[in-house]
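A structural walkthrough
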Amino acid sequence: MGDLLDWIISFLFLVTLLIIVIYQLTCLADLEFDRKNPYDSSARINRLILPEFGLQALLCLYYVLTGHWSMAVLSLPHLFYNIKLYVKREHLADVTEIYNTNKWEQKKRVYKIAHIALSIFITSFWLIHSALGDI
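Notes on the structure follow. (Residues numbered from 1 in each chain as written. Predicted model: local features only at pLDDT ≥ 70, side-chain atom pairs only at ≥ 80, totals over all residues. Heavy atoms only, no water.)

**Some details on the overall build of the protein chain**
The helix and strand tally for the protein chain stands at 4 helices and 0 strands. Traced from its N-terminal end to its C-terminal end, the protein chain shows the element sequence α-α-α-α. Principal-axis analysis of the C-alpha atoms gives the protein chain an extent of 55 × 30 × 20 Å. Residue burial in the protein chain is summarised as follows: out of 135 residues, 39% are buried. Sequence separation of 24 or more characterises 82% of the internal contacts of the protein chain that already satisfy a separation of 6 or more. Put simply, the protein chain has 12 plus and 12 minus side-chain charges, and the middle of one group is 6 Å from the middle of the other. (Helix = DSSP H or I, 4+ residues; strand = E, 2+ residues; numbered from the N terminus. Buried < 20%, exposed > 50% of the residue type's maximum accessible area, 1.4 Å probe, protein only. Contact = heavy atoms within 4.5 Å. Lys, Arg positive; Asp, Glu negative; His and termini not counted. Charge placed at Lys NZ, Arg CZ, Asp CG, Glu CD.)

**What about the side chain of Thr-123?**
Position of Thr-123 among the secondary structure elements: in helix α4 (residues 98–133). Under the relative-accessibility criterion, Thr-123 is labelled buried at 0%. For Thr-123, the residues in contact, after removing those within four places along its chain, are Trp-7, Ser-10, Phe-11, Leu-14, Tyr-63 and Met-71.

**Quick notes on the environment of Leu-4**
Of note, Leu-4 is situated in helix α1 (residues 2–32). Spatially, the C-alpha atom of Leu-4 lies 16 Å from that of Ser-119, the residues being 115 residues apart in sequence.

**Observations regarding a nonpolar patch on the surface**
On the surface, Leu-50, Phe-80, Ile-83, Tyr-86 and Val-87 cluster together to form a nonpolar patch covering roughly 520 Å² of accessible area. A total of 4 residues in the nonpolar patch trace back to one element, the largest contributor, which is helix α3 (residues 69–87). (Patch = residues over 30% accessible without salt bridge, like charges linked within 9 Å, V, L, I, M, F, W, Y side chains within 5 Å. Areas by Shrake-Rupley, 256 points an atom, 1.4 Å probe, with all protein chains shown as cover. Salt bridge = Lys/Arg side-chain N within 4 Å of Asp/Glu carboxyl O.)

**Digging into the packing of α1 against helix α2 (residues 38–66)**
Axis separation between α1 and α2 bottoms out at 9 Å; the angle between their running directions is 160°. By the angle between their directions, the pair α1 and α2 is classed as roughly antiparallel. Crossing angle aside, the handedness with which α1 passes α2 is left-handed. Among the residues making up the contact of α1 with α2, the classes are represented as 21 nonpolar, 6 polar and 3 charged. (Axes fitted to C-alpha atoms, helices over the stretch in contact; angles between N-to-C directions. Parallel < 35°, antiparallel > 145°, perpendicular 65-115°, else oblique. Left-handed = near helix turned anticlockwise from the far one by under 90°. Nonpolar A, V, L, I, M, F, W, Y, C, P; charged D, E, K, R; others polar.)

**Remarks on the nonpolar core**
General note: in soluble globular proteins, nonpolar side chains tend to be found buried as a group. If you look at the biggest cluster of nonpolar residues, it comprises 17 residues, and the most contacted ones within it are Leu-14, Leu-59, Tyr-63 and Ile-116. Contributing elements (two or more residues each) for this core: α1, α2, α3 and α4. The biggest single contributor to this core is α1, with 7 residues. Of all hydrophobic cores here, the second largest spans 9 residues; its members include Leu-28, Ile-45, Leu-85 and Ala-93. (Core = buried A, V, L, I, M, F, W, Y, C linked by side-chain atoms within 4.5 Å.)

See below:
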């Protein structure tokens, strides 16, 4: 039962991360089609950057603490990329450069979504495996 609970919590972490990144991508798309002004879009994106980074770090730590080493290793590149962005001070969307970097920012979010979707797929597999193993 403990392993099943671990996978459920992991699944909830990943779904929350997915929602945050999709929201950021939606803000960038709204900016691209002139539905929002740059200040509002940047403010909305920047408000969620640190919670996203913190949630990713918590997820990686959670995998290590629960002994799911393969998932911890799978989540490390995403975590290291976030740390690199934070250390270089490139993690926030700049209001003055948002139009110039919009395509790159969208690509970054799409890659994050693909990584999170892969993690959700693997977590779902182990969740189902653990649920059927507890029967």
